[in-house]
Amino acid sequence: MQNGKPETAEPFLLTILTEPGEKMSFYVLIPAYRPDDKLLCLLDSLHAAGLRKILIVDDGSGVSCESIFRTVRERWSHIAVLSHDVNRGKGDALKTGFRYLLEHADGVDGAVTADSDGQHTAEDILRIMAVMKNTPGTLVLGARSFDGKVPWRSRVGNRMTRFLIRLLYGLNIRDTQTGLRGIPLSMMSLFLEIPYHQYEFELDMLLLAASRHLNICEVPVRTIYIDNNASSHFHPFRDSLKIYSVLFRNLFSRR
């Protein structure tokens, strides 16, 4: 596995020249469950960076978040917002976004997925897009360094998953649970076949891509945790069990 190198990201990278006469275009796909003002701050930064192709999937956030999504629709008319009637899990929210892009986004080459809780910056999203431009057909992962003040559940969980993936599958992935990913449109149909619906979906994306011998690379990005990541909806025990069950289940089912 090759580690991508960070590149200088400028606003014009939304539509990036790859060859004379050929351009690549990417969406920002944001699965959102009970977001707060941090989502609005992210959208402000994306808008300031020149990013206009944005898709949000409201994963059944409920009436308490209606004002947030109403603000999104009123402030940014170009942003598409899809909604689940009930909470179905991050995996299903991503799948809804993939289906929309496959069916409606003509001329789009892929998407960068970003979380709604303030962990990801416009600069790093642009960096992922730049690497997607330079390595078409590659699954690009935004790899956090986990230096400094990192919540224990994130530090320990990533180390454990990283160890098991290397031990069981021979994959040397620095950040297995990153939500910042550059996903080519060509891979989205494949990922729709994954049967999982919640956080384990993102892990199985890596395992499925590796089993099909697809290219995967990592790009260093900033590690940002606000209020010790208190707004995260990841349940350390329950969701970790689901993730580890995916590891062992796939070890036998794909042999």
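Attention here is on the structure that accompanies the text. Keep in mind that this is a model prediction, so the values were computed, not measured.

As for the overall build of the protein chain
Part 1 of the argument: Within the protein chain, the secondary structure is distributed over eight helices and nine strands.
Part 2 of the argument: Of all intrachain contacts in the protein chain linking residues separated by at least 6 positions in sequence, the fraction that spans at least 24 positions is 80%.
Part 3 of the argument: When the accessible surface of the protein chain is summed, it comes to about 12,000 Å², and 51% of that surface belongs to carbon and sulfur atoms.

A short note on the pattern of salt bridges
Part 1 of the argument: Using the criterion set out here, one finds nine salt bridges in the structure.
Part 2 of the argument: Among the salt bridges present, the one from aspartate 44 reaches arginine 75, with a minimum N-O distance of 3.7 Å. Separated by 31 residues along the polypeptide, aspartate 44 in helix α1 (residues 37–48) and arginine 75 in helix α2 (residues 66–75) bring together distant segments of the chain.
Part 3 of the argument: A relative accessible area of 37% places aspartate 44 in the partly exposed class.

Some remarks on α1
Residues spaced three or four apart along an α-helix point in a common direction, a consequence of the helix completing one turn every 3.6 residues.
Part 1 of the argument: Spanning twelve residues, α1 covers 17 Å between terminal C-alpha atoms, matching the ideal 16 Å at 1.5 Å per step.
Part 2 of the argument: Among the residues trailing α1, glycine 50 stands out with phi positive, at a value near 90°.

A word on α2
Part 1 of the argument: Those residues of α2 lying buried are Ile68, Phe69 and Val72. For α2, the arc enclosing every buried residue in end-on projection is 90°, short of the 170-degree limit, so these residues lie on one face.

What counts as what
Residues numbered from 1 in each chain as written. Predicted model: local features only at pLDDT ≥ 70, side-chain atom pairs only at ≥ 80, totals over all residues. Heavy atoms only, no water. Helix = DSSP H or I, 4+ residues; strand = E, 2+ residues; numbered from the N terminus. Contact = heavy atoms within 4.5 Å. Areas by Shrake-Rupley, 256 points an atom, 1.4 Å probe, with all protein chains shown as cover. Salt bridge = Lys/Arg side-chain N within 4 Å of Asp/Glu carboxyl O. Buried < 20%, exposed > 50% of the residue type's maximum accessible area, 1.4 Å probe, protein only. Expected span 1.5 Å × (residues − 1). Arc of directions from axis to C-beta.

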